[in-house]
Amino acid sequence: MTTAATGADLMQEQIAFLKSNDKATFSVGGGKVIVERLSKESPKMEGTFSLTLEGKTVTAEPYIEWYNLQDIFENEFGLMGVEMGDHHWDTCYKFSRSWTYAYIGGDQPEIELDYSNVINYGEADSVRGDAWTSRDGGVKIIQPGGDFFRQPAEGSDPQVTVWVNGFLCLCAGGADCSFSYDSSLTPTILGVTDTLVDGSIELTITGTGFTTDASDFTIDVGGRNCEATVATSSSVTCTLENGPAGDFDITLWVQSRGQASGSVTFTLSLTVDSFSPSSGSVGGGTTLTILGTGFPNTMDEWESNEVAVGGSSCTITETSYTEVKCVTPKESTSRRRKRALADLTVTVNGQTVSASGQYNYDASSTPTITTLDPVTATPMGGDTLTIIGTTFGYESPFNTV
């Protein structure tokens, strides 16, 4: 190496030279200093290792700093109060990390380590790593109080205990702190009936152990709320939240007495009250409006349900709990004629009902083509085609030429 640099610049050039050369000769005064590299440093490990505690696994890089490891223990594993130790033995390659549950009492489970994904000298699963317990933890109690040895008598009723700032209160003055459960005080549901009031479904649930305060009740019907309005000791009336037809289990809570026992299922029946228009084109495309109860309220809920006309699906365009609109399919070609009647059916959550009347496929409502002018044109297109026929004025989102 030959250079005219001095001072710090010389040192930087020497470092740069030695990074790519294993031997260097330096002239010092009238003599020479030869520096030779006997062995190269090992490459930095790559990849990650994992820590697993109680089923949760977190990955980290091999040279993780102690404070980042503590962050994993506290924020990922929820172990607040862990103290980390950082240990080195005068080398860059020999180090360890240790942790102490300084502020967490009792024996703690061991952390599982997996180093199989650490890359060393280009090879995976070539690094040894382990975790072990150097000392089991515990809780040291100095001068335990009398409550420490307190044991309930065998076969006795459960005891009511009150703790204040970590201290157990005493049942003083002959007070009885026992508690017992009485099944006769538990509410029970026995049956349910329904009625339609002002467009809403009211349920009357019968049972025992009820209170007369309607605000004391919380009623769930297959995930739907039923707001209590009137209550007696043996029945409660509630207004059911709208929803599609189906079979629903009833769960009832009396807030002052607990959850009611008993198993009662309410069936919300599907109904079709009317539909319009009553007739349309044999080619389909007529928008029907169907009124009733128990319809799905969203288009997604119709995915496994159906409106059918003459056995073919009627395409849903709008829906609510009491009204649904759909576009009729074309009449089956096997029986197409001037007039044909078809059943209208609705299927929701396993229930299928038919409308009281039938839908009429009417050829007189069907668009017809009588004349095309011209009947020939050039391959390049651009000619104006005039179509003459009947019933072209019907509006439908499916109209195309």
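Residues numbered from 1 in each chain as written. Predicted model: local features only at pLDDT ≥ 70, side-chain atom pairs only at ≥ 80, totals over all residues. Heavy atoms only, no water.

Caption draft 1: A look at the pattern of salt bridges. A complete count under the given rule lists two salt bridges for this structure. A salt bridge links Glu76 to Lys56; its shortest N-O distance comes to 3.4 Å. With Glu76 in helix H2 (residues 66-76) and Lys56 in strand E5 (residues 56-60), this pair connects stretches of sequence that are 20 residues apart. With relative accessibility at 36%, the residue Lys56 sits in the partly exposed group. For Asp86, the salt bridge identified is with Arg97, shortest N-O distance 2.6 Å. Here the residue Asp86 occupies a position in strand E6 (residues 83-88), and Arg97 occupies one in strand E7 (residues 95-100), the gap between them amounting to 11 residues. Judged by its relative accessible area of 37%, Asp86 falls in the partly exposed class. (Salt bridge = Lys/Arg side-chain N within 4 Å of Asp/Glu carboxyl O. Helix = DSSP H or I, 4+ residues; strand = E, 2+ residues; numbered from the N terminus. Buried < 20%, exposed > 50% of the residue type's maximum accessible area, 1.4 Å probe, protein only.)

Caption draft 2: Expanded view of the environment of Cys171. With respect to the helices and strands, Cys171 occurs in the loop between strand E12 (167-168) and strand E13 (188-197). C-alpha separation for the pair Cys171 and Val160, spaced 11 residues apart in sequence, amounts to 9.3 Å.

Caption draft 3: Main features of the sheet that holds strand E30 (residues 351-354). Pairing is antiparallel across the open sheet formed by four strands, whose spatial order is E25-E24-E29-E30. The strands lining the two open edges of the sheet, one partner per strand, are strand E25 (312-313) and E30. Two elements, strand E24 (residues 306-309) and E25, share two bridges in a ladder whose sense is antiparallel. Pairing of Ala308 across the sheet is with Ser313, part of E25. (Pairing = 2+ DSSP bridges.)

Caption draft 4: Quick look at the nonpolar core. If you look at the biggest cluster of nonpolar residues, it comprises 24 residues, and the most contacted ones within it are Ile290, Trp302, Val307, Val309, Leu344 and Val346. Counting residues per element, the ones that place at least two in this core are strand E21 (271-276), strand E23 (287-293), E24, strand E27 (323-327), strand E28 (339-342), strand E29 (344-348) and strand E31 (359-362). Take this core: its biggest share by element is three residues, from E29. Beyond its immediate sequence surroundings of up to four residues, Val309 is in contact with Leu288, Cys314, Pro329, Ala342, Asp343, Leu344, Tyr359 and Tyr361. Ile201, Phe210, Ala214 and Phe217 belong to the second-largest nonpolar core, a separate cluster that totals 23 residues. (Core = buried A, V, L, I, M, F, W, Y, C linked by side-chain atoms within 4.5 Å. Contact = heavy atoms within 4.5 Å.)

Caption draft 5: Quick peek at the side chain of Gln70. Structurally, Gln70 is set in helix H2. A polar atom in the side chain of Gln70 sits 3.3 Å from the backbone oxygen of Val82. Apart from residues no more than four positions distant in its own chain, Gln70 is found in contact with Val82 and Met84. (Polar contact = N/O pair within 3.5 Å; in protein donor to acceptor, adjacent residues only side chain to side chain.)

Caption draft 6: Region of interest: the sheet that holds E5. With antiparallel pairing, the three strands of this open sheet are ordered in space as E5-E4-E8. Whereas interior strands pair on both sides, the edge strands pair on one side only; in this sheet they are E5 and strand E8 (112-114). Direction aside, neighbouring strands of the sheet carry axes that sit 20° apart on average. Across the face of the sheet, H2 comes into contact with strand E4 (49-53) and E5 while running at roughly 155° to E5. (Axes fitted to C-alpha atoms, helices over the stretch in contact; angles between N-to-C directions.)

Caption draft 7: Inspection of the pairing of strand E17 (residues 235-240) at higher detail. By the criterion of burial, E17 is predominantly enclosed, with five of the six residues buried. Looking at chain direction, strand E14 (residues 200-208) and E17 are connected through five bridges and run antiparallel. If you follow Leu203 over to E17, its bridge partner there is Cys238. Where strand E16 (residues 224-231) meets E17, five bridges bridge the pair, whose relative direction is antiparallel. Among the inter-strand pairings, Val230 is bridged to a residue of E17, identified as Thr237. Counted along the chain from E16 to the antiparallel partner E17, the turn is three residues long.

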